[in-house]
Amino acid sequence: MNRRDAIRQGTTALAALLTARTASAELLQQAATHDWSTLAADYRLGDSVNYLNHASIGTMPRQLAGLRDELLRVCESNPWLYMWGGAWEEPREDARRAAAGLLGAKPDDVAITHNTTEGFNLLAQGLPLGAGDEVLFSSMNHAGASVCWEQQAPRRGFTVRRFEFPVLDAAKLTAADVADIYLSQVRDATRVLVCPHVDNIVGLRYPLREIAERAHASGVEFVAVDGAQTAGMIPIDIEASGVDFYSTSGHKWIQAPKGTGLMYLRATSREDLEPMWTTWGQGRWADLARRYEDYGTRNLAEAVVLGAAVDFQVALTSRAERRLRLLREYTQAAVGASASLEWCSPQSWADGASLYAIRAPRLVAGDASRSLYEDHGVVLRPFGGDLNTLRLSPNVITSTDQIDTFIRQVEAL
Ligand SMILES: Cc1ncc(COP(=O)(O)O)c(C=O)c1O
């Protein structure tokens, strides 16, 4: 094939891609106006599974999975063209723009990563920290936002301070309490404060704006937020929150392909941040967050589908929030009415999320989770130790019948 043919083929394929993406977005928008059980039929979850674990890993509707399959097929027809020849350059930027809209950020401040952990590694490796500097987080931090700092600290001479968060009191805590707890830990040496937007254990929703304002006023330079449990679940306005960094995964609540993520870096935060990896030509993106994602060949099909998944989330937005809130309140009432179950998460939707912890005091959470899975196909996340909880994280396609069934089954254990 000569170059002219290749370009022509690329143009045709690009047009096909854009049509496919639009068709998919139309389908998804249509789905958003249907009832939830109709939408649920668009997913590929197994019939024998009661999937209450979207916080660990989400699932894609068939339209998005189909788009991904189609793009991968097109890619194999001329890999050079799609990976290197620029045919998917504009769709990638389109995906970035869509993602920026979802996050409440400018496209220039958003990098397309693989997951939340990658974003935190980029930050921990690139920030100029040294002796006398402290990175602060609590026991609520997920390993994906913690280990990168702990591993770097001894090599570079900065310290990491991890304080115990009163997680056993979560059912009594409000967002304002959370801000007070974090701010009471800030010291003169604290240069970086790391916190989740919604933690993955009890689903407390952190008041980012208050935390960022108070932390900056206390001399903290970087407020870095783990958004793994928020993007696609609750509305986000990163710019307005005033945080400096935000990292999230596409494969949880955005329902994007596995191994896709997003990282927000405020322009001023990028001034001193060295990229974790370097390659030729990176200078092209010197002023953009894109600089941090440019390290050789990427699976651009996945990035393009991430954009379509974001479109889907945007189409669902306010309805999805109402739905998740309803499911939460439904579960909370069922737990309240049960003699053998306790609610261990914040009381209100405003302080919480679609991720909540339930305790059956006479059961060991790990054992209960195993039995529920083996006997009834219930997928959830247990937490052991003093917490001893079962974490539920339903998404919009979860039905109240599934919640009822779960409650009956756990009560019967
Ligand atoms: C709060 C939180 N942060 C980070 C992660 C890590 O996500 P990933 O594996 O996509 O990097 C998770 C995964 O469950 C999480 O719940």
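Residues numbered from 1 in each chain as written. Predicted model: local features only at pLDDT ≥ 70, side-chain atom pairs only at ≥ 80, totals over all residues. Heavy atoms only, no water.

J.: Give me the lowdown on the sheet that holds strand β5 (residues 190–196), citing residues and values where you can.
T.: With mixed pairing, the seven strands of this open sheet are ordered in space as β2-β8-β7-β6-β5-β3-β4. If you trace the sheet from one side to the other, it starts and ends with β2 (110–113) and β4 (159–163), each paired once. Neighbour to neighbour, the strand axes of the sheet diverge by 20° on average, direction disregarded. With five bridges joining them, strand β3 (residues 134–138) and β4 adopt parallel strand pairing. Looking at β4, one finds that Glu134 is bridged to Thr159. Where helix α8 (residues 175–183) meets the sheet, it contacts β3, β4 and β5, and its direction lies at approximately 150° from that of β5. (Pairing = 2+ DSSP bridges. Helix = DSSP H or I, 4+ residues; strand = E, 2+ residues; numbered from the N terminus. Axes fitted to C-alpha atoms, helices over the stretch in contact; angles between N-to-C directions. Contact = heavy atoms within 4.5 Å.)

J.: Help me get a handle on the pattern of salt bridges, residues and values and all.
T.: Evaluated as defined, the whole model comprises 27 salt bridges. Glu134 is paired through a salt bridge with Arg161; the nearest N and O atoms lie 2.9 Å apart. On the criterion of sequence distance, the pair formed by Glu134 in strand β3 and Arg161 in strand β4 is long-range, its members being 27 residues apart. We classify Arg161 as buried; its relative accessible area is 16%. (Salt bridge = Lys/Arg side-chain N within 4 Å of Asp/Glu carboxyl O. Buried < 20%, exposed > 50% of the residue type's maximum accessible area, 1.4 Å probe, protein only.)

J.: Pulling in residues and values, what's your account of the sheet that holds strand β10 (residues 356–359)?
T.: Taken in spatial order, the four strands line up as β9-β10-β13-β12 in an open sheet, and their pairing is antiparallel. Either end of the sheet is taken by a strand with one partner, and the two such strands are β9 (342–343) and β12 (381–383). Both β10 and strand β13 (residues 389–392) contribute to a ladder of three bridges, which runs antiparallel. Across the sheet, residue Tyr356 finds its bridge partner in β13, namely Leu392.

J.: Mind laying out helix α12 (residues 365–376), listing which residues take part and the relevant values?
T.: With twelve residues, α12 ought to run about 16 Å at 1.5 Å a step, and its terminal C-alpha atoms sit 16 Å apart, in line with that. Within α12, the full set of buried residues consists of Ala365, Ala368, Ser369 and Leu372. Down the axis of α12, the smallest arc covering the buried residues is 100°, so these residues share one side. The exposed residues of α12 that point more than 90 degrees off its buried face are Glu374 and Asp375. (Expected span 1.5 Å × (residues − 1). Arc of directions from axis to C-beta.)

J.: Go over the side chain of Gln409 with me, naming the residues and quoting the values.
T.: Within the secondary structure layout, Gln409 lies in helix α13 (residues 400–411). Using a relative accessible area of 15% as the deciding quantity, one classes Gln409 as buried. Side chain to side chain, Gln409 and His376 meet in a polar contact 3.3 Å long. If we skip the residues at most four places from it in the chain, Gln409 touches Leu372, His376 and Val378. (Polar contact = N/O pair within 3.5 Å; in protein donor to acceptor, adjacent residues only side chain to side chain.)

J.: For the nonpolar core, give the residues involved together with the corresponding values.
T.: Within the largest apolar cluster, 85 residues are counted, with the highest numbers of intra-cluster contacts made by Trp88, Phe165, Tyr182, Leu193, Tyr206 and Ile254. The dominant element in this core, judged by the number of residues it contributes, is helix α11 (residues 300–336), at 13 residues. Those residues in contact with Phe165 that lie beyond four places of it in its chain are Ser138, Ser139, Met140, Leu173, Val178, Ile181, Tyr182, Leu204 and Tyr206. Core analysis: the second largest hydrophobic core is formed by 24 residues, Leu122, Cys148, Leu265 and Tyr292 among them. (Core = buried A, V, L, I, M, F, W, Y, C linked by side-chain atoms within 4.5 Å.)

J.: Lay out the environment of His251 with the relevant residues and their values.
T.: Position of His251 relative to the elements: it lies in the loop between β7 (245–249) and β8 (261–265). Relative accessible area serves as the criterion here: at 10%, His251 is assigned to the buried category. Along the backbone, His251 and Ser56 are 195 residues apart, and their C-alpha atoms lie at a distance of 8.9 Å. In contact with His251, not counting residues within four places along its chain, are Ile57, Gly58, His114, Asn115, Ala256, Pro257, Lys258, Gly259 and Thr260. Within the structure, His251 has its side chain in polar contact with the backbone nitrogen of Gly259 (distance 2.9 Å).

J.: Requested: an account of unusual backbone geometry, with residues and values cited.
T.: Even without being a glycine, Gln255 presents a positive backbone phi close to 65°. In this structure, Gln255 sits in the loop between β7 and β8. Phi angles above zero are rare outside glycine, and Asn388 is one such case at about 50°. Mapped onto the secondary structure, Asn388 falls in the loop between β12 and β13. Relative accessible area serves as the criterion here: at 14%, Asn388 is assigned to the buried category.

J.: Lay out the environment of Ile238 with the relevant residues and their values.
T.: Within the secondary structure, Ile238 sits in helix α10 (residues 238–241). Judged by its relative accessible area of 1%, Ile238 falls in the buried class. If we ignore the near neighbours within four places in the chain, the residues touching Ile238 are Leu103, Gly104, Val243, Tyr246, Tyr264 and Arg266.

J.: Any details on the packing of aromatic side chains? Residues and values, ideally.
T.: Scanning all chains against the criterion turns up seven aromatic pairs. Here Phe120 and Phe245 contribute two aromatic rings whose centre-to-centre distance is 5.0 Å and whose plane-to-plane angle is 75°, an arrangement assigned as edge-to-face. With a gap of 125 residues between them, Phe120 in helix α6 (residues 116–126) and Phe245 in strand β7 connect regions that are remote in the sequence. No difference in accessibility class separates Phe120 from Phe245, as the two residues are buried. Connected via pairs of aromatic rings, a cluster forms that spans Phe163, Phe165, Tyr182 and Tyr206. One cation-aromatic arrangement involves Arg290 over Trp285; the distance from NZ or CZ to the ring centre is 3.7 Å. For the cation-ring pair, Arg381 lies above Phe383, with the distance from its terminal atom to the ring centre recorded as 4.1 Å. (Phe/Tyr/Trp six-rings, centres within 6.5 Å; stacked < 30°, edge-to-face > 60°. Lys NZ or Arg CZ within 6 Å of the ring centre and 35° of its normal.)

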